[in-house]
Structure formats: C-alpha cells, structure tokens
Amino acid sequence: MIGKQDSWEFSCSYWQRNGVITIRILLVEDEAVFAQRIRANLTEAGFVTDHAADGNKGWILGDTQAYDAAILDLGLPALSGLDILKRWRHAGSRLPVLILTGRSGWVERVNGLNAGADDYLEKPFQTQELVARLRALLRRSSGMADPTIRCGELELDTTTGVARKAGRSVDLTALELRILEYLMHRTERFVSQSELRDHIYSVEETRDTNAVEVHIARLRKKLGRGIIRTARGMGYRIG
C-alpha cells in the first residue's frame, strides 16, 4: 500500500511510474473527410495527431516515429489495418491501438483483438466517444485509473485540460498544456528541447528551435520559477 506522499520528488516519481503521456497520436484512416473531422476533434481535445491515408504510410509512421497511441482503420488501401497491427506486434511494439471498423461482423473485431488491438469502435460513432475511449485506453495501458496527474502542489486534469497550482486554476495555452503534461510524465529525468519538439508538434508543423524556450519561460511566469528546472546540455525537468 502506498503511504502518504510527503515530498515533491516522491509524489512526482510515483505519478510518473503510473502515468501515460497523452500527447502524440497516429491516425490511419483513408476517408479524407472523416479523418479530417476526427483530427479536428483530437486537436480540440489536446492531442497532436499525425494522419496516414493508406496502410503503407501508416505502418511506416508507426514503425519509425514515437507515438503514444494509434487509431487504426481496418479497411485501408495498400495494406490492411490488420496487417499493419500484426507487423507492429511482430516487431515488438506495445503501442496502444484502437481499431475503427465499419464492418458489423464479430469475426473482424475478434481478429483485430487477437492480433493485438487494445479496443475497437464501430462506425458510425460520436467523436466524443472516440476521445473518451482513447483516454481510457491510455490510462489502462499504464495501469492508471485517475486522469489527474499530481506533482506536489501542481496538478493537471488530462481530461479537461485544467491545470491547478495549490488548488487555483492556471490559464494555459494549448501548447503550454502539452509541454507541461509531457514534463509531468517525465519527472525522473531531464527532457531535451529536441525531445519536447518531437512530442508537441506533428510532422506537418513548423518547428521553431526557439519556441520551446519561449513557452518554458511563459510557464515559469504562470507557475513559478522553481517549478521547472533547467540543466545546460540536458534540458528541462519538473521539480
């Protein structure tokens, strides 16, 4: 049984071990309008989303890029979603995968789950349900039921995107929230600027080399300078 967390370092390291980074998502879906709608809703929910419109691109992105979860359609051109999933699992990937299917037969769903999918959602569906299932999948994959991350007097509700310090809400931009959430899940080590850029921007976004420093400075102003530490040549760390 975990006792009372009576220090900043213990509290942060405990939540890190049981946390999950709900930041970068891979969406593999060939229906352009449908994919655009999903991506817009994921962005609104605070996720960074890369989109692949065919199976080959989806497989390659999932095999070469760092993602926190994938949303995978089964009926894809070039390479089926089931084949992509089998390749990822054969390569040893533990990437949480939510499969989308327009097929009503239970056999396809069973095949997907047996191939290593973590959950499935049948079309048509409400995008709010997709976001909720995705967040639940990420929590389950890390063994964490509570969507709130806590580090000392700082807490972040990953469902609502609300940050609080000592019980008071802190008004943060979407990008500041992404940075804070990533750092709060990496409290056991320093995070470099390049690693932060890789996880807070999609592959299509322009990555300003100075942007991270600017946003870190703004976070310190809002949260207090002692919240985020800097080590030359190593990067940033909460606590």
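This write-up is about the structure you can find in this document.

**With respect to the environment of valine 162**
Here valine 162 lies in strand S8 (residues 162–165). On the basis of relative accessibility, which here comes to 28%, the residue valine 162 falls in the partly exposed class. For the pair valine 162 and leucine 177, spaced 15 residues apart in sequence, the C-alpha separation works out to 8.5 Å.

**Points about the pattern of salt bridges**
Working definition: two side chains of opposite charge can pair if their charged atoms are close together. Tallied over the entire structure, the rule returns 13 salt bridges. A salt bridge links aspartate 50 to arginine 24; its shortest N-O distance comes to 3.0 Å. Here arginine 24 lies in strand S1 (residues 24–28) and aspartate 50 lies in strand S2 (residues 48–52), a separation of 26 residues in the sequence. Put simply, glutamate 155 and arginine 164 hold a salt bridge, and the shortest N to O gap is 4.0 Å. Classification of arginine 164 as partly exposed rests on a relative accessible area of 28%.

**Some thoughts on the sheet that holds strand S9 (residues 168–170)**
In space, the 4 strands of this open sheet follow the order S6-S7-S8-S9, with antiparallel pairing throughout. In this open sheet, the two edge strands, each paired with only one partner strand, are strand S6 (148–151) and S9. For this sheet the average axis-to-axis angle between neighbouring strands, irrespective of direction, equals 25°. Bridge count between S8 and S9: 3 bridges; the pairing is antiparallel. Looking at S9, one finds that alanine 163 is bridged to valine 170.

**With respect to helix H2 (residues 32–44)**
Over its 13 residues, H2 extends 18 Å from the first C-alpha to the last, a length consistent with the 18 Å expected when each residue adds 1.5 Å. Turning to H2, its buried residues number three or more, namely Phe34, Ala35, Ile38, Arg39 and Leu42. All buried residues of H2 project into a common sector of 130° when viewed along the axis, lining one side. Among the exposed residues of H2, those oriented more than 90 degrees off its buried face are Ala32, Val33, Gln36 and Glu44. Looking one or two places after H2, you find glycine 46, whose phi comes out positive at around 100°.

Definitions and cut-offs
Throughout, a residue's number is its position along its own chain's written sequence, starting from 1. Only residues with pLDDT of 70 or above have their local features reported here, since the model is predicted, and side-chain atom pairs are shown and tallied only from 80 upward, although totals for entire chains, interfaces and linings are computed over all residues. Side-chain descriptors were evaluated using all non-hydrogen atoms of the structure, hydrogens and water having been removed beforehand. Strands are runs of DSSP state E lasting at least 2 residues, helices are runs of H or I lasting at least 4, and numbering of each runs from the N terminus. Exposure is judged per residue with a 1.4 Å probe applied to protein chains only, and the accessible area is read against the type maximum: over 50% gives exposed, under 20% gives buried, and values in between give partly exposed. Within this document, salt bridges are pairs made up of a side-chain nitrogen of Lys or Arg and a carboxyl oxygen of Asp or Glu, the two lying within 4 Å of each other. At least two bridges found by DSSP between two strands are what make those strands a pair. Each axis is a line fitted through C-alpha atoms, and for a helix only the stretch in contact is used; angles between axes span 0 to 180 degrees, taken between their N-to-C directions. Here, expected helix span is obtained from the residue count minus one, scaled by 1.5 Å. Think of the arc as the fan of directions from the helix axis to the C-beta atoms.

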